[in-house]
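Chains, contacts and geometry: an overview
One-letter residues, chain by chain:
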Amino acid sequence: MRELPSKESALFKQILKYYEYKQYKKGLKAAEQILKKFPEHGETLAMKGLFLNHMDRKEEAHEFVRKGLRSDLASHICWHVYGLLHRSDKNYGEALKCYTQALKYDKDNMQILQDYSLLQIQMRNYEAFNESRLRLLKLRHNNQRYWIGLAISYHLLENYESAEKVLKAYVDTLKEKPGPMNFEHSEMLLYHNLIIEESGKFEKALEHLESIKDDVCDRRSWKEKRAFFLLKLERYQEAEEAYGDLIADNPDCYDYYNGLLSASKINTEINTSELSSEQREKILGIWQTLTTKYPKSNLLKRLPLQYTTDERFKEEVDKYMQAALRKGVPSLFVNLKKLYVDPIKEIIVEKLVEEYLQNLKTHNTFTKSSNIDDEIEQPTAYLWTLYLLAQHYDNKRDIMKALKLIDEAIEHTPTLVELYMTKGRILKHGGNFNEAMKVMDEARELDLQDRFINSKCTKYMLRNDQPKEALKTIGLFTRGDAPDPLTDLIDMQCMWYALEEGECYRRQNNFGKALKRFHQIEKHFADITDDQFDFHTYCLRKVTLRAYLGMLRLEDQLRSHPYYFRAAQNAIEIYLYLKDNPKTVNGEESQNYDNMTEEEIKAAKKAKSKAKKAALKEAKKAPPTKEDQSKKKVQDDDPEGEKFLKVEDPLREALKFLQPLQILASQRIETHLLGFEYYIRKKKYLLALRALKRAYNIDKENPVLHVNIIQFKLEVSRLEKEDNEKREPQRDSTEYQTIFRVVNTELPTILPDNTSLKEYTEEFLARNKGSISHLLASSNALLQINPEYKQEATNILMNSIKDEFSNTRTLKHCISVYEQLKNNLDSSKAEEFKNKCKEWFPISTYFTGLDRDKNDLKIE
Amino acid sequence: MVTSTETIKNSKVPKRNTAHRIALGEITPNNLGQLKKLNTVLFPVNYSEKFYKDVLEVGEFAKFAYFNDCCVGAVCCRKEQINQGTTSDQAKLYIMTLGVLAPYRNLGIGTKLLTHILQHATLPAQHPKFVEIYLHVQTSNEEALAFYKKYDFEIVATVEGYYKKISPPDAYVLSRKL
């Protein structure tokens, strides 16, 4: 029974109007009125559910919509409503199915088709999207947005010809041409041009570009495209002029200079050191001409530093640095650092700045001059020179020298925030997180309204494992009307904080909370993906088509973002750990007490139970006040993230993070190394081997990869041996046979058959001289091959004391070496090594035991 | 107390690099930390929280000095009613601190701070009217004495044992009628 008597039928039409105008309460009332007489009327039931959904009564909503659908399965309205409900739950797959059903019963319904196409593009179902757009245009061909929508659908299918045809046909239907400077029309023309460009026909694209010249509002894009096309078409003379013109518009845009060089037939892709001296002279000549033309361009002052060497470089950098130091440019070092890829340049800079410092100290000039009339420098020149030199030595990890210089700078001008920030950074690099944090806090107090220093200070607190202090500090800058700082940070999708806090909890073996943060990041990325939904209609309406295409492509690559990678890597590693240490799941033994003395363990346990009690107490007091309620505080029922610890299958969770990396970050070796760890635990040997081979193709000398190859070989050999000996009947022998066959043919491409694992490791070590991470890998590998190789493994590690390893002797490496020696090899050698480390890292908390009071601070 | 300020510019100082800016800036709750840093370095006295609270109340009579955008000095004054309790509309201005970081002395920064105070103290709209400005200077601080004398301050009294922890403990009272 679908037909309603005329009175109710009119009311139902009114209901649809109410929905359109978002008058949900009125709509609900009207629906209930009909239902009084016709309680089984399906479409009304469904509409009632839809209104309830908008009034935050989710469960009832689903109930009514489903009920409505049951009583009227052939109604396009019921199916449409069900689709809308799924869509509002972000359940796009299900929504799509509902729309397909709805269209079965009303195939030319514009509204449904429209919604259908939105879901299709959201799900990147390009073929179906194209079909829907085609039908829409057939039904309604007097509206611009349907023409453009169809063009986009062809464009996404890379059917450039049809896309172009559609746009052309549309322009032809226009009775009168839009006036000049019509933004929407201009955007459509530029989009048309983009389609031609992406089809690879630059000649045609340029022609088209010239033809639309007078109708384009975005002049800069137009000029940039023109220059680019000229370059692509190798019309160098014109390209050169075009880029020269762009530089005149903005002499500080790097891309324009690159374009200019390319137009002068200079390859800008290669390293500048590979250019011939002839080319170099040519470039310098170009810069010189331009400098006289645009004396205010900062970029032009810096560019010559890239293209000169030795004496010429010295001259240029001397000029450049003196000007910056005199002016007081805090970012000077950041600009110089890029030049340090050439070690000779680094030496030149160091020598010059040391001279400045001496000369400023003795007679207030940068250079040793004999001329008595020379201008002398301001005290700030000396200050910025100290600052620069401190950063330079910090970069070289000459921590003590850097500290001495920055302390002198602070004594000179103790009010400058930048100096404390750099001091904090130096201390951090020296391995003293506690002191680093204190100095950052000192800097923060100098300028309480500086959000940057506040955030830096927060980060340093987290690095020093003090999450409570960190939250308090960042809370100084979160919104005042938010229920609490953390909620605001999550609302604002503040990812750096979530990452740092997650890593902080991971270091403290608080895996539940850590995972909670990393899942939060995943949620932010999912939300960003969902957020694009609104733009499918918005961009069509506003004709911001180039930006729309850009957005679609960004969303497709979204999870390749470094933030996602970092969260995923952490989460995967934790889940792997949980898989290997299942007892951790039950909470009590989750602390890692390995490196603690008995007393410390006791203290830590005590502190933990104390903290637990305090948390309970806090939860008990604080009944919800009115204020809290008005702020709509959402109660977090799992603040400790225990549900993440209790997952049944940690590996399945790991896989959820791994898959996006395999698709979007396959160029990063870590992706495949993590993949190996996952597959080897799943006993999927062929996939593990594939991961090894992919990693091998990225960097065959990677230290972790080497250990993994050894591990893989050992495990497969053991299996093969077992299989041969036992011949267990229940084991599917043929499957294993296949694995062994594939492994035995494929593995030799990375691990030669005729060398023993020990020889393989020795060769690996010989190939990678001077690298401590390779020592660590080799030592690890030897122990795996045979636990009796302890002596050799120890000797390998002790090599790191030799001078040839000084370049790779980072704090992190040394801690790994020490722990390996201490925990698995030879504790007396470990002590010997530690004494060396004390010399190398004189302020590091780890090796010198300074700042043991840190723990007192932590327990409040 | 006031120490370490300006001396009369030596005429034999060679020509300076001209690229420098001196500017004055407000003291606010947000940058009070910088004033604390300056005071720790400049004066051998610990100032109370009240000192810093009062500084925020006196408006133009407390200022930072910036040299090439670095904060390098400050002046802090206190208004004192004459004949407290009566309806007198006359007042004195007391300079609690005026100082410039050592590397930035003899560059005209102290002068800039002091002239700013003098200018504002003598504005016609100023109410209550300031009739006098005064301060304490350690008797041994010749640099400071010379500086203030240049701006027509005179020694009007000597207070023995004015300072508790530094030597000599005596201070001159320097004053100038407005």
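As a starting point, this report considers the structure included with it. Note that the structure is a prediction, hence the values are computed from the model and not measured.

All names here are of chain A. For Leu-137, the position within the fold is in helix 8 (residues 126-139). When its relative accessible area of 9% is taken as the criterion, Leu-137 is described as buried. Here the alpha-carbon distance between Leu-137 and Asp-488, two residues 351 residues apart in the chain, equals 44 Å. In this structure Leu-137 touches Tyr-146, Trp-147 and Leu-150, once residues within four positions along its chain are discounted.

Once that is clear, we can look at the interface of chain B and chain A. Residue-level contacts link 22 residues of chain B with 22 residues of chain A. Each partner contributes to the roughly 2,100 Å² buried at the junction of chain B and chain A, and carbon and sulfur atoms together form 55% of this total. Between the two partners, chain B and chain A, sit one salt bridge. Lys-37 of chain B is paired through a salt bridge with Glu-442 of chain A; the nearest N and O atoms lie 2.7 Å apart. The tally of links between chain B and chain A comes to eight residue pairs in polar contact (both at pLDDT 80 or more). Of all elements in the fold, only helix 1 (32-42) and strand 3 (70-81) of chain B reach the threshold of two or more residues within the side of chain B that touches chain A.

A few words now on the side chain of Thr-44 of chain A. Residue and element names in this part refer to chain A. By the element assignment, Thr-44 lies in helix 3 (residues 42-54). Under the relative-accessibility criterion, Thr-44 is labelled buried at 0%. Sequence-distant contacts of Thr-44, defined by excluding residues within four places in its chain, comprise Phe-12, Ile-15, Ala-31, Ile-34 and Leu-35.

All names here are of chain B. Burial analysis of strand 5 (residues 129-138) places eight of its 10 residues in the buried class, the great majority of the element. Two strands pair when backbone bridges link them, and strand 4 (residues 90-100) and strand 5 are joined in this way by five bridges, in the parallel orientation. Paired with Lys-92 across the strands is Glu-132, a residue of strand 5. Where strand 5 lies against strand 7 (residues 171-177), seven bridges are found, and the strand directions are antiparallel. Within strand 7, the position partnered with Leu-135 by the bridge is Leu-174.

Once that is clear, we can look at the pattern of salt bridges. Residues and elements named next belong to chain A. A full pass over the atoms with the stated rule returns 57 salt bridges over all chains. Between Glu-722 and Arg-718 there is a salt bridge, with the nearest N and O atoms lying 3.3 Å from each other. One end of the pair, Glu-722, and the other, Arg-718, are both in helix 39 (residues 703-726), four residues apart, so they sit about a helical turn from each other. Classification of Glu-722 by relative accessible area gives partly exposed; the value is 21%. Overlapping salt bridges, with partners in common, bring together Arg-463, Glu-500, Glu-503 and Arg-566 in one network.

Residues and elements named next belong to chain B. Reading across from one edge, 1-2-3-4-5-7-6 is the order of the seven strands in this open sheet, with mixed pairing throughout. In the strand order of this sheet, the two ends are held by strand 1 (22-26) and strand 6 (154-159), each with one partner. Within this sheet the neighbouring strands show an average axis-to-axis angle of 30°, counted without direction. Most of the contacts of helix 4 (residues 142-150) go to strand 5, to which it runs at about 160°, and overall it touches strand 4, strand 5, strand 6 and strand 7.

With that out of the way, let us pick up the packing of aromatic side chains. Residues and elements named next belong to chain B. Throughout the structure, instances matching the rule amount to 36 aromatic pairs over all chains. Between Phe-43 and Tyr-47, the ring centres sit 6.3 Å apart and the planes meet at 80°, which makes this aromatic pair edge-to-face. Relative to Tyr-66, the ring of Phe-64 has its centre 6.1 Å away and its plane inclined at 70°; by these criteria the two rings are edge-to-face. With relative accessibility at 0%, the residue Phe-64 sits in the buried group.

Attention now moves to the environment of Leu-42 of chain B. Residues and elements named next belong to chain B. You can see Leu-42 is positioned in helix 1. For Leu-42, a relative accessible area of 11% puts it in the buried group. C-alpha separation for the pair Leu-42 and Gly-99, spaced 57 residues apart in sequence, amounts to 6.6 Å.

Here is what the cut-offs are and how they apply
- Counting from 1, residues in each chain are numbered in the order their sequence is written.
- Labels follow written order: the first chain is A, the first ligand is 1, and so on.
- Thresholds applied to this predicted model are a pLDDT of at least 70 for local features of residues and 80 or more for the giving and counting of side-chain atom pairs; totals over whole chains, interfaces and linings are not thresholded and use all residues.
- Note: side-chain values were computed over all heavy atoms of the structure, leaving out hydrogens and water.
- By the criteria applied, helices consist of DSSP H or I runs no shorter than four residues and strands consist of E runs no shorter than two, each listed in order from the N terminus.
- Buried residues are those whose accessible area, probed at 1.4 Å on protein chains only, stays under 20% of the maximum for their type, while exposed residues exceed 50% and partly exposed ones sit between those limits.
- In this analysis, two residues are considered to be in contact whenever any of their non-hydrogen atoms come within 4.5 Å of each other.
- Two parts lose some accessible area (1.4 Å probe) when they are put together, and adding that loss for both gives the buried area.
- The salt bridge definition used is simple: a Lys or Arg side-chain nitrogen within 4 Å of an Asp or Glu carboxyl oxygen.
- Polar contacts here mean pairs of N or O atoms no more than 3.5 Å apart (in protein, one a potential hydrogen donor and the other a potential acceptor; neighbouring residues in sequence count only if both atoms are side-chain atoms).
- Any two strands are treated as partners once DSSP identifies two or more bridges connecting them.
- For helices, the axis comes from a line fit to the C-alpha atoms of the stretch in contact; other axes are also lines fit to C-alpha atoms, and the angle between any two N-to-C directions lies between 0 and 180 degrees.
- Each Phe, Tyr or Trp ring, with Trp reduced to its six-membered ring, pairs with another whose centre is within 6.5 Å; inter-plane angles below 30 degrees give stacked pairs, above 60 give edge-to-face pairs, and intermediate values give tilted ones.

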